[in-house]
Amino acid sequence: DYLHPVTMVELDKLKTEIESIGEKIKALKAAETVDKDAIGVALKDLLEKKKLYADNNNGIGADGKPYEEPMTKAQKKAKAKAEKAAAAGPAKPQAEPDSKGAQKKAAKKAAKLAAKVAYKSGESAPADAAGAAAAGGQPTTAKAAAAPVKKTLPPLRMTSRIQPNQIVINPNAPLGERPVACLAVAVLSNTILDYSIVSDHMSRHAALGLPSGGAVVGDFAMARYVCRAANSDLAGGAIEGQAVMDAWID
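Residues numbered from 1 in each chain as written. Predicted model: local features only at pLDDT ≥ 70, side-chain atom pairs only at ≥ 80, totals over all residues. Heavy atoms only, no water.

### Topic: the overall build of the protein
Link 1 in the chain: The helix and strand inventory of the protein stands at 8 helices and 5 strands.
Link 2 in the chain: Ordered by position from N to C terminus, the α and β elements of the protein give α-α-α-α-α-β-β-α-β-β-β-α-α.
Link 3 in the chain: Counting across all 250 residues of the protein, residues that qualify as buried make up 22%.
Link 4 in the chain: A total accessible area of about 19,000 Å² is found for the protein, and carbon and sulfur atoms account for 59% of it. (Helix = DSSP H or I, 4+ residues; strand = E, 2+ residues; numbered from the N terminus. Buried < 20%, exposed > 50% of the residue type's maximum accessible area, 1.4 Å probe, protein only. Areas by Shrake-Rupley, 256 points an atom, 1.4 Å probe, with all protein chains shown as cover.)

The structure is reproduced here in structure tokens:
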């Protein structure tokens, strides 16, 4: 019968020695003064005993796993790179430099670069240059005149759910934002009974409902509307009456 060069009892003993050497190496590395020479000798002895164990145990190491020869850092790096390339699959074929696809791609890239340079120098917008290059033309060099920005004014009146002749007040608003002038003018012109005061916590500003369905926003604007709606000639004439109303508001 064929017998292993090392018996089973000797394998157990060898495994114990491997574990002992491993603990010794840990202790050497944890010491205050690291003895690299002693670590090197112990590591060499450990590797030899691991290989001897696997050779006499059908290729299975002391840890119960198939034994593999120790690799250098360069070998480990090359192996990891190969495994990563294998996991990524076959590499995509590179296009020939003179193929139509490569030429088209290069032309598109050059057009984008030219458009970017032209835009930075103020000659043209990148979108115009890229579009012209894609269409087979040359990018324009004349700087397009920027269209003037139109400023839109707020509407004179706004549509609202406020009923006509309703004065809406937010009770949480500070006194300076309440329609004090409007109410004062309504009292002085004897038209206060023509208006109803409504409390609205959601209203951001004081507002006055108009007969047309819109609303006037702002204390002074509301006060002037109340003055004109009163249509009374105070102080004996239209001009004098308007002056008196302006004095009330001021």
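### A look at the nonpolar core
Link 1 in the chain: Among the nonpolar cores identified, the biggest contains 17 residues, and Ile167, Met222 and Val226 are the most heavily contacted of them.
Link 2 in the chain: When contributions to this core are tallied by element, the ones reaching two or more residues are strand E2 (166–169), helix H6 (180–188), helix H7 (219–230) and helix H8 (238–249).
Link 3 in the chain: When sequence neighbours within four positions are dropped, the list of residues in contact with methionine 222 reads Ile167, Pro179, Cys182, Ala206, Ala207, Leu208 and Val216.
Link 4 in the chain: If you look at the next biggest cluster of nonpolar residues, it comprises 10 residues, including Leu11, Ile18, Ile21 and Ala62. (Core = buried A, V, L, I, M, F, W, Y, C linked by side-chain atoms within 4.5 Å. Contact = heavy atoms within 4.5 Å.)

### Brief notes about the confidence of the model for the protein
Link 1 in the chain: On average, residues of the protein score 77 in pLDDT, and 73% of them reach the 70 mark or higher.
Link 2 in the chain: Overall, residues 124–130 carries pLDDT values under 50, and its contacts beyond four positions in sequence, including any with other chains, amount to 11 contacts.
Link 3 in the chain: Below a pLDDT of 50 lies the segment residues 139–144, which in the model reaches 9 contacts outside its immediate sequence neighbourhood of four places, other chains included. (pLDDT = per-residue confidence, 0-100.)

### Quick word on the state of the cysteines
Link 1 in the chain: Summed over the entire model, instances satisfying the criterion amount to 0 disulfides.
Link 2 in the chain: Considering cysteine sulfurs only, cysteine 182 is the nearest to cysteine 227, which forms no disulfide, with 8.9 Å between them.
Link 3 in the chain: Judged by relative accessible area, cysteine 227 falls into the buried class, the value being 3%. (Disulfide = S-S within 2.5 Å.)

### Digging into the side chain of threonine 191
Link 1 in the chain: Inspection of the secondary structure assignment puts threonine 191 in the loop between H6 and strand E3 (196–199).
Link 2 in the chain: In this view, threonine 191 contacts Ala186, Val226 and Ala230; residues no more than four positions away in its chain are not counted.

### Examining the packing of H6 against H7
Link 1 in the chain: It is at 7 Å that the axes of H6 and H7 come closest, and there the two elements cross at 15°. Classed by the angle they form, the pair H6 and H7 counts as roughly parallel. The element H6 and its partner H7 pack so that their crossing is right-handed. Along its contact with H6, which presents Val180, Ala181, Cys182, Val185 and Ala186, the element H7 presents Asp219, Phe220, Met222, Ala223, Val226 and Cys227.
Link 2 in the chain: Residues that form the contact of H6 with H7 fall into these classes: 10 nonpolar, no polar and 1 charged. (Axes fitted to C-alpha atoms, helices over the stretch in contact; angles between N-to-C directions. Parallel < 35°, antiparallel > 145°, perpendicular 65-115°, else oblique. Left-handed = near helix turned anticlockwise from the far one by under 90°. Nonpolar A, V, L, I, M, F, W, Y, C, P; charged D, E, K, R; others polar.)

### So, H6
Link 1 in the chain: Listed in full, the buried residues belonging to H6 are Ala181, Cys182, Val185 and Ala186. Take H6 and look down its axis: the buried residues cluster within an arc of 135°, on one side only.
Link 2 in the chain: Positive backbone phi, approximately 55°, marks asparagine 190, located one or two places after H6. (Arc of directions from axis to C-beta.)

### Regarding the pairing of E3
Link 1 in the chain: Note that E2 and E3 share 4 bridges and pair parallel. Paired with glutamine 166 across the strands is serine 196, a residue of E3.
Link 2 in the chain: In this fold, the crossover linking E2 to E3 by way of H6 has right-handed handedness. (Pairing = 2+ DSSP bridges. Right-handed = clockwise from strand over helix to strand, strands pointing away.)

### Here's the deal with the pattern of salt bridges
Link 1 in the chain: Taken as a whole and judged by the stated rule, the model has 3 salt bridges.
Link 2 in the chain: In this structure, aspartate 45 engages lysine 49 in a salt bridge whose closest nitrogen and oxygen atoms are separated by 2.8 Å. Of the two residues, aspartate 45 and lysine 49 are both situated in helix H2 (residues 36–55); the distance of 4 residues between them amounts to about one turn of the helix.
Link 3 in the chain: Classification of aspartate 45 as partly exposed rests on a relative accessible area of 29%. (Salt bridge = Lys/Arg side-chain N within 4 Å of Asp/Glu carboxyl O.)

### Details of the pairing of strand E5 (residues 214–217)
It is a general feature of regular strands that their side chains alternate between the two faces of the sheet.
Link 1 in the chain: Pairing between strand E4 (residues 207–209) and E5: 3 bridges, direction antiparallel. Looking at E5, one finds that alanine 207 is bridged to valine 217.
Link 2 in the chain: Hairpin connection of E4 to E5: 4 residues between the antiparallel strands, including glycine 213 at a positive phi of 105°.

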